[in-house]
Amino acid sequence: MYSKEETTMKKRVRLLSVILASAMAVSMLAGCGGGEEKKNDAPMPEVEVDPDAKVELNGEEMSLADLVSKAQEEGDIQSVGMPDDWANWKGSWEGINTTYGLTHGDVDMTSAEELSQFAAEKDDPTKDVGDIGLSMTPEAIKQDVIGSFKASTWDQFPDWAKDPEGRWVMTYTGSLAFIANTESTGGKCPASWEEVKDGDYLVSVGNVLAGAASQVAVLSCAIANGGSLDDVQPGIDYFKELAEAGRLDTGDTSSARLASGEMVCCVGNYDYSVLSWRDNIVAENPDMKLDITIPSDGSVTNGYAQIINKYSARPNAAGLTIEYLCSDEGAIDRAKGYARPTKEGVELPEEVAEILLSDDLYENCTNISDVESLNEACTKIAELWEREVLPLVQ
């Protein structure tokens, strides 16, 4: 999920604007047909919507029926950072195609890369929507590369999960979780940061310099060890000890590394992501023993925000995509991917509710809704990681 090219959280946006100038040309040719807009000639399904439903796209109010009609004329939606295997985006892309007839493609990238791509190709846009870490929303607004959309269900989202001007909406949350190959961790997944520290296996946290989930892992660890948003040093000190002991694995946190046995215990990802990993890995290798839990001594609950590209060539399709993601169907899609919907009043089907981790595992989770404080904490974590932790890695 996270790029190895990014060297620090503090510099990532400035660096990426240069790095991506060349990388985008390759990406567009490989994944976007050289920037040419797709043409969807398939017949569009008829869609019945509430005739009184209203939406607001880039400050303009329109009926939902008009949005559907205009989006179907555009015919296609191109996303960044929303791959099939993340929080069941696949289910939503299939739902959008079935319901509205829109075709879809995605190029996976980090939050910073998404914003850089929007800016780099503003004169010849190929992308329409993205999914960025909550901590990146101030940067997205600062760069002025995102449009605005308020779905017909706007009032059903809590204030902490949306921007007042409609520039982003957080439709789901996840909590920092552990996943382990229990054959190497004493028969079970460590249940706390303390238990991880007491082990003798390698611990993988991912790319703390640029990865939002990896930074949240360090923050969770800090909180578990007496720290806070304003004091992340306890989390840094914890990982310094692991590094000094030769137990810190700085490789990518990926399902492929876990499946191959290269990664033993991952503490740097969200519950919905590692639960999906488990399903996919066990389907291919039923004998692999994988266990997942939420650290009992401290975890952070956070989410990703859905955004539309200010320069999108398909703004109505972009808006309609967010409309779908803000619907009950979109919320259920997220839950099917183990993420927890933020939309209020959604009743999950029993078979969907049953696949989620038990609620009692989340008792010591800290819900972070202060975007500015989270952003400051993540920036500080990246700076300290580069200065204090990486030099100790053996």
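Cut-off values and rules
- Residues numbered from 1 in each chain as written.
- Predicted model: local features only at pLDDT ≥ 70, side-chain atom pairs only at ≥ 80, totals over all residues.
- Heavy atoms only, no water.
- Helix = DSSP H or I, 4+ residues; strand = E, 2+ residues; numbered from the N terminus.
- Buried < 20%, exposed > 50% of the residue type's maximum accessible area, 1.4 Å probe, protein only.
- Contact = heavy atoms within 4.5 Å.
- 1 Å grid on protein atoms, 1.4 Å probe; cavity = no way out; pocket = protein on both sides within 12 Å on 5 of 7 lines; lining within 4 Å.
- Points joined across faces, edges and corners; volume = space filled by probe spheres on them.
- Nonpolar A, V, L, I, M, F, W, Y, C, P; charged D, E, K, R; others polar.
- Pairing = 2+ DSSP bridges.
- Salt bridge = Lys/Arg side-chain N within 4 Å of Asp/Glu carboxyl O.

**Considering the environment of L115**
At step 1: Along the chain, the position of L115 falls in helix α4 (residues 111-120).
At step 2: In this structure L115 comes out as buried when scored by relative accessible area, which is 0%.
At step 3: Along the sequence, L115 and E139 sit 24 residues apart, while their C-alpha atoms lie 8.6 Å from each other.
At step 4: If we skip the residues at most four places from it in the chain, L115 touches I132, M136, E139, A140, Q143, V145 and I307.

**Details of empty space enclosed by the protein**
At step 1: Tallied over the full model, the rule gives 2 cavities of 30 Å³ or more.
At step 2: One number sums up the size of the second largest cavity: a volume of about 50 Å³.
At step 3: Sort the elements by how many residues they give to the lining of the second largest cavity and strand β12 (residues 299-308) lands first, with 3 residues.
At step 4: For the lining of the second largest cavity, the residue count by class is 6 nonpolar, 4 polar and 1 charged.

**Side note on helix α12 (residues 328-336)**
At step 1: Turning to α12, its buried residues number three or more, namely G330, A331, I332, D333, R334 and A335.
At step 2: Just beyond α12, the residue with positive phi is Y338, at close to 75 degrees.

**Points about the pairing of strand β5 (residues 129-133)**
At step 1: Judged by how many residues are buried, β5 sits mostly within the fold: 5 of 5 residues are covered.
At step 2: Inspection of the sheet shows strand β3 (residues 76-80) paired to β5 by 2 bridges, in the parallel sense. If you follow V80 over to β5, its bridge partner there is G130.
At step 3: As defined by bridge partners, β5 adjoins β12 across 5 bridges and the pair is classed as antiparallel. Following the sheet pairing, G133 is matched in β12 by Y304.

**Focus on the environment of A65**
At step 1: For A65, the position within the fold is in helix α2 (residues 64-74).
At step 2: For A65 and P51, which are 14 residues apart along the polypeptide, the C-alpha to C-alpha distance reads 6.7 Å.

**Here's the deal with the environment of D76**
At step 1: Counting through the fold element by element, D76 comes out in strand β3.
At step 2: Assessed through its relative accessible area of 0%, D76 is described here as buried.
At step 3: Taking the C-alpha atoms as reference points, D76 and A318, separated by 242 residues in sequence, lie 9.0 Å from one another.

**As for the pairing of β12**
At step 1: The element β12 is extensively covered by neighbouring structure, given that 10 of its 10 residues are classed as buried.
At step 2: Because side chains alternate across β12, one face comprises the buried residues S299, T301, G303, A305 and I307, and the other comprises V300, N302, Y304, Q306 and I308, equally buried.
At step 3: The pairing of strand β7 (residues 169-181) with β12 spans 5 bridges and is classified as antiparallel. Counterpart to Y172 in the pairing with β12 is Y304.
At step 4: Across 3 bridges, the pairing between β12 and strand β14 (residues 365-367) is parallel. When the bridges of β14 are listed, S299 appears paired with C365.

**Here's the deal with the pattern of salt bridges**
One side chain can pair with another of opposite charge once the charged atoms of both are near each other.
At step 1: One pass over the structure, following the stated rule, counts 13 salt bridges.
At step 2: A salt bridge links K197 to E241, with the nearest nitrogen and oxygen atoms 3.2 Å apart. In this pair, K197 is assigned in helix α6 (residues 193-198) and E241 in helix α8 (residues 233-244), connecting sequence segments 44 residues apart.
At step 3: For E241, a relative accessible area of 40% puts it in the partly exposed group.
At step 4: Between R340 and D359 there is a salt bridge, with the nearest N and O atoms lying 3.0 Å from each other. Placement of R340 in strand β13 (residues 340-341) and of D359 in the loop between α13 (350-353) and β14 is noted, with a sequence separation of 19 residues between them.
At step 5: The network of salt bridges with shared partners includes D163, E165 and R167.

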